[in-house]
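Reading the structure
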Amino acid sequence: MAERFQIAIVGSGPGGLSAAAHAAELGVSHVLLEAEPHLSNTIYRYQKGKHVMDEPGILPLRSPLEFKAGTREAILGAWNDGVARLAVNVKHGHEVSKITAQPGGGFLVECANKAQMIADRVVLGIGLQGNIRKLGVPGEDLPIVQYTLDDPGAFSGETIVVVGAGDAAIENALALAKQNTVIVINRRDEFARAKEGNLRGICKAIEEGTMPCYYNPGPEKVEALNVGRKKGRLVLQTPQGRAQILIDRIIARLGASAPRGFVEGCGVKFPSKDPSAVPAISPQYESNVPGLYIVGALAGYPLIKQAMNQGYEVVEYILGRKVEPADEPLLRDRLKNVPNFRSVDAFIADIQRNVPLLSQITPLQLREFLLDSEIHAPKPGATVFAKNDYTNTFFSIVEGEVEVVVDAAQNRRIKLKRGEFFGEMGLISGRRRAATVLAGPGAVLIETPRRSMNRLIQSVEAVKREIDKVFIARALQSRFTPESPIERLNEVVESARIVQFKAGDIVFNEGDPGDCVHLIRRGSLTISRQIGGKDVVLSYVAAGNYVGEMALLGDSRRSATVRAAIASETIRVEGEAFKRLIQRDPILRARLQAEYSARTASNLAMQQMPAGGDIISFLIAQGAGEATDILLIDEALCVRCDNCEKACAETHGGTSRLDREAGPTFANVHVPTSCRHCEHPHCMKDCPPDAIHRAPNGEVYIADNCIGCGNCERNCPYGVIHLAAKPPKKPGLLSWLMFGAGPGPGEAPYDPKAGKSSEKKAVKCDMCKDLKGGPACVRACPTGAAIRIGPEEFRAYARNRS
Amino acid sequence: MAMHESIFDYSRYRYLWVSMVLSLGSIVAYLWHDPIGEPNGGSWLGYTLGTIGALLILWLLWFGIRKRSYKSRVGTMRGWLSAHVYLGTSLILIAFLHSGFQVGWNIHTLALVLMLIVIFSGFFGVYTYVRYPAVMTRNRDSATRQSLLDEIAELDAQALQLADTVDPKVHAAVLRSIERTEIGGSFITLLRPSDETDNALDQVKTFMEQRDKPAAGAPKKDMSTMFAMVDFLSAGSADAKSDALRKLLDTLARKRSLTDRITRDLQVQALMEIWLYVHVPLSMALLAALTAHVVSVFFYW
Ligand SMILES: Cc1cc2nc3c(=O)[nH]c(=O)nc-3n(C[C@H](O)[C@H](O)[C@H](O)COP(=O)(O)OP(=O)(O)OC[C@H]3O[C@@H](n4cnc5c(N)ncnc54)[C@H](O)[C@@H]3O)c2cc1C
Ligand code: HEM
Ligand code: SF4
Ligand code: SF4
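It should be emphasised that the depicted structure is a prediction, and the values quoted were computed from it without experimental measurement.

Looking now at the packing of helix α16 (residues 575–584) of chain A against helix α17 (residues 586–608) of chain A. Residue and element names in this part refer to chain A. Two elements in contact, α16 and α17, have axes whose closest approach is 5 Å; the angle formed by their N-to-C orientations is 110 degrees. By the criterion of interaxial angle, the relationship of α16 to α17 is roughly perpendicular. Between α16, through Phe-578, Leu-581, Ile-582 and Arg-584, and α17, the contact on the second element is made entirely by Pro-586, Leu-588, Arg-589 and Leu-592. Residues of the contact of α16 with α17, tallied by class, amount to six nonpolar, no polar and two charged.

And the structure:
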């Protein structure tokens, strides 16, 4: 008969561990099930000596276990001590594979090692790292088989089989091959998932025969050997027959299976297919399966302290106690300047009553939402944001009203009232604000950062639908008929829908019948035409503009091919509805016609200098299609003095954020490795403390609360983020000049490794947002070779250079 | 809109105009001015021009400081260099007008000569800045210097492996060439690079000639060009060794072209930097000579 516990906790990360420790402290019967032989695998796997940070600093810690900023070792040590002191009932090597609700109440918890137990309540704290995939053959757990590799330099003279086809496997194989004999086993027939550089490295090694590779083999078993020089052997089925390889070691890098499948298997529902979606949970952390609770990163709280607090609270809730959430004082503080503030709960109730958009989400989500947000009560007439700002926050109106200046010249404004929202354009298009918004009387606004808003959009379908609906109407009105009332557009809005394109997808082809207009709401498109059998790029169209009107105004066939330069979304408006709109609206007709002739002229101009189109194509191929500001170097002017890099390092704590030499060149246009301040920055995707922001002028920068996890470094496709420690201070210019003290300006610091390497934080280009007069790299270039330009300028740039 | 523009047309040739106005003004003043006796530094115009010249020199020197003040927001480096070049050039005229074209064997003329050398080295610098960047790009062909070096290291390893399968003599020759290949070094070696790869190539070729002569019957006449070699090989017997030899030839030839490219790269870069080793130290010497000149004029005239 399986043992019975009041609470079973799955996963000993900070969330689960804290829950178990609190249960132990209270004497509640519990079990903590951990797959690995040690506690907190995610933190255990941090790099040795890593400095772990305790963001958010203002949040108080609630846990019987200690946690303050310090090294990985110190923190794990304190937790081990705490677990021993409180006699937490932890079972290692218990990977939970199945959780089923029992008819009579409680859950049956089954582990991969066949252990079983019954628990009244289950707390899931398994984080997001997932389970490492194993070989799946007999012998997969032998000591000669390993699934991680910390230091390839630790082995030499061995015969090592590396299994896997991803970047981790390739990097390991290449590094090991320096002093070992390496054999690669790729269970597919090519290395399709790998990064460019890795792919080149491995293919070369295989081609040269220095690294034999088996494709598509079926490994059969791994065996340890006691005799002979090798420690073991791997038996596998190859297309040529059965083979055995004598080995010292197998390193399998097969990735991890996302925990989602397992969680769904427990009956927990996710609101959408989006990988970033988190399961909906109650304010008491209970999932849709009664009695099954979720805490920590899996519940959408990606920081250690949050996870620990939730572990503590969830045990309190299970025991039926009321705890004031740890964030209550923070929220109260945040809300204190709301006029007539009574209590947090009352305010939340007000929001749910007054703001339809936010009434769709749970009170817990709303708390989290408010915690991330700022609450403003601006004076009437104050600017909320200005037209052309690059900010990307989202605003909801809780009380009062605001005015949107739709036409500054004629001072035409429209009012938005309580319950409405604005700022969705900047959020979705990643572009500058389309209009200035001024506060009206009695305005109380919630300003929500991009990440929280995106998370909400991804996890609550109704929110997404509502925002899209409003977006379509407003975008069409502001682009096409800003002077007439929105009702005039009803027919067009009804016919509109949102279409998605992947990079390179065709929106429409030259010669197709023209049956619709596309207004780009995200991403960008290129316009090209077949000239002399070659595809010549004529233009580049950024978000906020439309394509396809030509066919509706004049000839009925498409005069050019339109392609997505990057992943893009457009609002597709039916041609018939659009034609009727033009007939009804002479102003619109005149304006479209004017833009039409300007475009035709400019296309003709471009057609005469195909070299310009080649430059645009080159820039797009370098990812410039998603840039808001990109550094370009004219190699016909650049004297390679590296003053740009020196200036960057000198103005940014000693590390240059740009690599001048690296990067491709075409027709003397060089795209160095430097941040492009993407419209939708990839680096922002998984930043646990949400430390990456966009400043009003568009600069994407990393704030001080970075915890150095390195996610952004991995997520940036352009390789422009590094983890760096603060270097020691340099002597001033004069003491260097007069007394020859230390490394001078522009010279490397004393010892680049001298900074405390454990306290590394992510650094990247911030376009010198804190210095007046623009980026130091451009200002320091003595020959005018370095410039930064935005996508609006690509066409003129290309024309100028051809 | 931001565009790449060179130092010459900075701000619509602003500093060209400034220096032309300055020069023309000085000429007009010089012609109009009617000093007592010969024109020289001692007249009021001489003093004025002398002061302007000295201040200009100090300001031109300040460029070295401004270049290192990365946080400075006073103009851009391009603007500064544009002004540096135009105003620095006008200094020739101002200095001569200041001295009334008098020269002699004295400290004053020393200052003048130093100044002229500094200025002409500056001209050379500007010439390299205009000419070489595009040369460098073409030569690099989108590779970085490190990637070229990496490729050479790989070719070396391959060549050794191939040579190993052929003959100890060939192996020794290839090894020697690898050990002796030096890339970079002093400026002099850069300008007259010697490439050991050539030696190795020659030796491999000789070896092949000797080896294949009897086998291929009548020896071909012109064996000295590599292309002929390759032709010959593809026609000849294709055993494993000649296959390795053929590959070795290709490898060495590829390495040869890579070392050429790197050397050219380093040469060009050196040309763009070397003149500064005249320009800057002599500008310091000029500062000293100028001080001496001013002090001597005021205290010992
Ligand atoms: C490199 C890096 C650096 C970071 N630095 C910081 C920092 O400085 N400060 C900070 O606050 N946050 C940091 N974070 C984020 C932080 O590590 C996570 O937010 C936190 O660990 C999440 O805790 P958790 O309890 O939800 O899950 P996890 O810590 O991920 O723990 C999950 C545990 O569950 C176990 N498990 C998984 N599946 C099963 C199963 N089926 N059965 C049994 N056990 C299972 C795992 O082995 C693991 O031990 C960093 C993250 C990374 C990747
Ligand atoms: C007396 C006159 C001049 C003086 C004292 C002077 C002084 C200097 C100094 C101190 C530097 C800084 C070098 C460094 O620190 O790297 C410099 C750079 C330079 N000077 Fe002059 N200079 C003079 C005239 C000229 C003239 C006439 C020209 C060109 C026509 C010129 C062209 C340059 C150039 C191209 C640089 C290099 C800029 C760079 O790459 O950063 N100079 N000069
Ligand atoms: S760091 Fe990378 S992903 Fe982020 S904005 Fe810059 S280029 Fe884009
Ligand atoms: S390393 Fe990058 S992703 Fe991680 S916290 Fe810092 S900024 Fe965010």
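Below, the discussion takes up the coordination of the iron atom of ligand 2. Residues and elements named next belong to chain B. Those protein atoms acting as donors to the iron atom of ligand 2 are His-84 (NE2) and His-279 (NE2), and they sit at 2.0 Å. Seen from the iron atom of ligand 2, its six donor atoms lie at angles of 86 to 179 degrees, and the figure they make is octahedral. Residue His-84 is found in helix α3 (residues 77–99), and its partner His-279 is found in helix α11 (residues 276–299); the two are separated by 195 residues along the sequence. For the pair His-84 and His-279, a shared accessibility class is recorded, and that class is buried.

With that settled, consider the interface of chain B and chain A. Across the contact, 34 residues belong to chain B and 45 residues belong to chain A. On the chain B side of the interface with chain A, the three residues burying the most area are His4(B), Tyr70(B) and Arg73(B), jointly 27% of the side's total. If you look at where chain B meets chain A, you find two salt bridges. Residue Glu661(A) pairs with Arg140(B) through a salt bridge whose shortest N-O separation is 3.0 Å. Where the side of chain B that touches chain A is concerned, the elements lending two or more residues are α2 (44–68), α3, α4 (107–140), α5 (145–166) and α10 (240–274) of chain B. Sort the elements by how many residues they give to the side of chain B that touches chain A and α4(B) lands first, with six residues. Residue composition of the side of chain B that touches chain A, grouped by class: 14 nonpolar, 11 polar and nine charged.

Looking now at the site of ligand 1. Residue and element names in this part refer to chain A. Taken together, the neighbourhood of ligand 1 is formed by 32 residues, with Glu-34, Thr-42, Tyr-46, Ala-297 and Pro-302 sitting nearest. Between ligand 1 and the protein, one listed contact pairs an oxygen atom with a side-chain N or O atom of Glu-34 at 2.6 Å. One of the backbone nitrogen or oxygen atoms of Ala-297 is found 2.7 Å away from an oxygen atom of ligand 1. For ligand 1, whose free accessible area comes to 1,000 Å², the fraction covered by protein is 93%. Of all elements in the fold, only α1 (14–26) and α2 (41–44) reach the threshold of two or more residues within the shell around ligand 1.

The next point concerns the confidence of the model for chain B. Residues and elements named next belong to chain B. On average, residues of chain B carry a pLDDT of 82, and 82% of them reach 70 or more. Across chain B, the secondary-structure element scoring lowest on mean pLDDT is helix α9 (residues 226–235), at 44, and the one scoring highest is α3, at 95. Note that pLDDT drops below 50 for residues 214–238; the model gives that stretch 24 contacts with residues more than four away or on any other chain. Predicted complex metrics record ipTM = 0.83 and pTM = 0.79.

Taken as a whole and judged by the stated rule, the model has zero disulfides over all chains. Cys781(A) forms no disulfide, and the closest cysteine sulfur to it belongs to Cys641(A), at a distance of 6.4 Å.

Now for the side chain of Glu403(A). All names here are of chain A. You can see Glu-403 is positioned in strand β23 (residues 402–407). At 2.8 Å, the side chain of Glu-403 and the side chain of Arg-413 are in polar contact. In this structure Glu-403 touches Arg-413, Ile-414, Lys-415, Thr-436, Val-437 and Leu-438, once residues within four positions along its chain are discounted.

Moving on, we get to the packing of aromatic side chains. Using the criterion set out here, one finds 19 aromatic pairs over all chains in the structure. Where Phe96(B) meets Phe101(B), the ring centres are 5.8 Å apart and the plane angle is 15 degrees; that geometry is what we call stacked. Counting every residue linked through ring pairs, the aromatic cluster contains Phe385(A), Phe395(A) and Phe422(A). If you follow Arg72(A) out to its NZ or CZ, it ends over the ring of Tyr44(A), 5.4 Å from the centre. Over the aromatic face of Phe508(A) sits the side chain of Arg558(A), whose NZ or CZ is 3.8 Å from the ring centroid.

All names here are of chain A. The strand order across the open sheet formed by three strands is β14-β15-β16, and the pairing between neighbours is antiparallel. Both outer strands of the open sheet, β14 (218–224) and β16 (241–247), are each paired with one neighbouring strand and no more. Each adjacent strand pair in this sheet contributes to an overall mean axis angle of 20 degrees, direction not counted. Relative to β16, strand β15 (residues 232–238) is paired through seven bridges, and the arrangement is antiparallel. Its bridge partner lying in β16, Leu-234 is registered against Ile-245.

With that settled, the discussion passes to the site of ligand 2. All names here are of chain B. Taken together, the neighbourhood of ligand 2 is formed by 25 residues, with Lys-67, Arg-68, His-84, Tyr-129 and His-279 sitting nearest. Arg-68 places a polar side-chain atom, nitrogen or oxygen, 3.0 Å from an oxygen atom of ligand 2. Here an oxygen atom of ligand 2 sits 2.4 Å away from a polar atom, N or O, in the side chain of Tyr-129. Listing elements by their share of the shell around ligand 2, those giving two or more residues are α2, α3, α4 and α11. Here the shell around ligand 2 is built from residues that sort into 16 nonpolar, seven polar and two charged.

How each quantity is defined
- Residues numbered from 1 in each chain as written.
- Chains lettered and ligands numbered in written order.
- Predicted model: local features only at pLDDT ≥ 70, side-chain atom pairs only at ≥ 80, totals over all residues.
- Heavy atoms only, no water.
- Axes fitted to C-alpha atoms, helices over the stretch in contact; angles between N-to-C directions.
- Helix = DSSP H or I, 4+ residues; strand = E, 2+ residues; numbered from the N terminus.
- Parallel < 35°, antiparallel > 145°, perpendicular 65-115°, else oblique.
- Contact = heavy atoms within 4.5 Å.
- Nonpolar A, V, L, I, M, F, W, Y, C, P; charged D, E, K, R; others polar.
- Donors = N, O, S within 2.8 Å, 3.2 Å for Na, K, Ca; no water.
- Tetrahedral: all angles 85-135°; square planar, octahedral: opposite > 155°, others 65-115°.
- Buried < 20%, exposed > 50% of the residue type's maximum accessible area, 1.4 Å probe, protein only.
- Buried area = accessible area lost by both parts, 1.4 Å probe.
- Salt bridge = Lys/Arg side-chain N within 4 Å of Asp/Glu carboxyl O.
- Near = heavy atom within 4 Å.
- Polar contact = N/O pair within 3.5 Å; in protein donor to acceptor, adjacent residues only side chain to side chain.
- Areas by Shrake-Rupley, 256 points an atom, 1.4 Å probe, with all protein chains shown as cover.
- pLDDT = per-residue confidence, 0-100.
- Disulfide = S-S within 2.5 Å.
- Phe/Tyr/Trp six-rings, centres within 6.5 Å; stacked < 30°, edge-to-face > 60°.
- Lys NZ or Arg CZ within 6 Å of the ring centre and 35° of its normal.
- Pairing = 2+ DSSP bridges.

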